[in-house]
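Report on the structure
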Amino acid sequence: MTHDPSREYRTVGIQYSDTPAERRPDQTFNRPTLDQGVLMAKQQRAIRTRRLILDSAATMIERNGYTATSIDGISTTAGTTKGAVYFHFPSKGDIAAALFDEAHDSLRAIATRARGPEASPLQSLIDTTHLLVRQFNGDPVTRACIQLCLERHSPAPQARAYRLTWASTVRLLLESAAARREFREGVSAHAVAALVISMGAGAELLAGREGRMLRPHMTTAMWRVILPGLVTPKHAATLHPEGSPGIQLADPSPQAR
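Structure report, in brief. Since this is a predicted model, take the numbers as computed values, not measurements.

A word on the packing of aromatic side chains. Inspection of every chain in the model, using the stated rule, returns one aromatic pair. When the ring of Phe 100 is compared with that of Tyr 162, the centres are 6.2 Å apart and the planes differ by 85 degrees; the resulting orientation is edge-to-face. Of this pair, Phe 100 sits in helix H4 (residues 92-114) while Tyr 162 sits in helix H7 (residues 156-179); the two residues are 62 residues apart in sequence, bridging distant segments of the chain. Phe 100 gets classed as buried once you look at its relative accessible area, which sits at 2%. On the basis of relative accessibility, which here comes to 15%, the residue Tyr 162 falls in the buried class. Taking the ring centre of Tyr 66 as reference, the NZ or CZ of Lys 92 above it sits at 4.2 Å.

Structure (structure tokens):
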């Protein structure tokens, strides 16, 4: 077989000739790339690990408090390593901030869900309070955030954003109710908003010490006491202090089951 110097070969993205000294201008090198399936699997695993860490942290903070919760304990409960925890969260404070971010997202979703285009704004507020109670009973992240507030370890920006969203939701619904003349003569939407927001803060305090206070029947009883002072008997007859029929209000807490 005779040697043909002009014959060229192409392999793994490298084009070259049989002449050793010759360097072709079109010589290229392909960088190896991760298989997309492998990359997606790693991303999904990272998402699951982050979820395990947050759930474990929420459970421990609710049960033991923030101060007594350690990164060691979180990693053990999550079934992962301390390195994995620090990969996702540089500090315990970052875990607390992430928990508040999730609670804030849940609050926004609840406010949106309860506010229908044709619904009475006052009924929407009633439904929002019921859904928040349901969230507390079924979600350890929400309960952990309340514990963080009680211990004064809540991350300031996230906690402030959560409270502002709650306050603005209450004010918006009550101002809409006033615009639709849902209140009795002389009832101030501003005063009612201050009352409801304060009651929410009180409910948080009670929840940290006596979780049984946050139950649907207690929320219903609260609205039955308040509504007669806010609206006329005719309008009160159209409202549901126990929550709208279309809202799922079952108490998902283990105690209720």
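Okay, the layout of surface pockets next. The gaps left among the atoms become clear once a water-sized probe is rolled over them. Space inside the largest pocket adds up to approximately 750 Å³. If you trace the largest pocket, you find 34 residues lining it, with Met 199, Gly 200, Ala 203, Glu 204 and Leu 214 closest to the centre. Residue assignment for the lining of the largest pocket shows that the elements contributing at least two residues are H4, helix H5 (121-138), helix H6 (140-150), H7, helix H8 (189-209) and helix H9 (216-230). Looking at which element gives the most residues to the lining of the largest pocket, the answer is H8, with nine residues. Taken together, the residues of the lining of the largest pocket sort by class into 23 nonpolar, seven polar and four charged.

So, about the side chain of Thr 142. Within the secondary structure, Thr 142 is located in helix H6. Using a relative accessible area of 9% as the deciding quantity, one classes Thr 142 as buried. In contact with Thr 142, not counting residues within four places along its chain, are Gln 135 and Phe 136.

Reading the values: rules and limits
- Residues numbered from 1 in each chain as written.
- Predicted model: local features only at pLDDT ≥ 70, side-chain atom pairs only at ≥ 80, totals over all residues.
- Heavy atoms only, no water.
- Phe/Tyr/Trp six-rings, centres within 6.5 Å; stacked < 30°, edge-to-face > 60°.
- Helix = DSSP H or I, 4+ residues; strand = E, 2+ residues; numbered from the N terminus.
- Buried < 20%, exposed > 50% of the residue type's maximum accessible area, 1.4 Å probe, protein only.
- Lys NZ or Arg CZ within 6 Å of the ring centre and 35° of its normal.
- 1 Å grid on protein atoms, 1.4 Å probe; cavity = no way out; pocket = protein on both sides within 12 Å on 5 of 7 lines; lining within 4 Å.
- Points joined across faces, edges and corners; volume = space filled by probe spheres on them.
- Nonpolar A, V, L, I, M, F, W, Y, C, P; charged D, E, K, R; others polar.
- Contact = heavy atoms within 4.5 Å.

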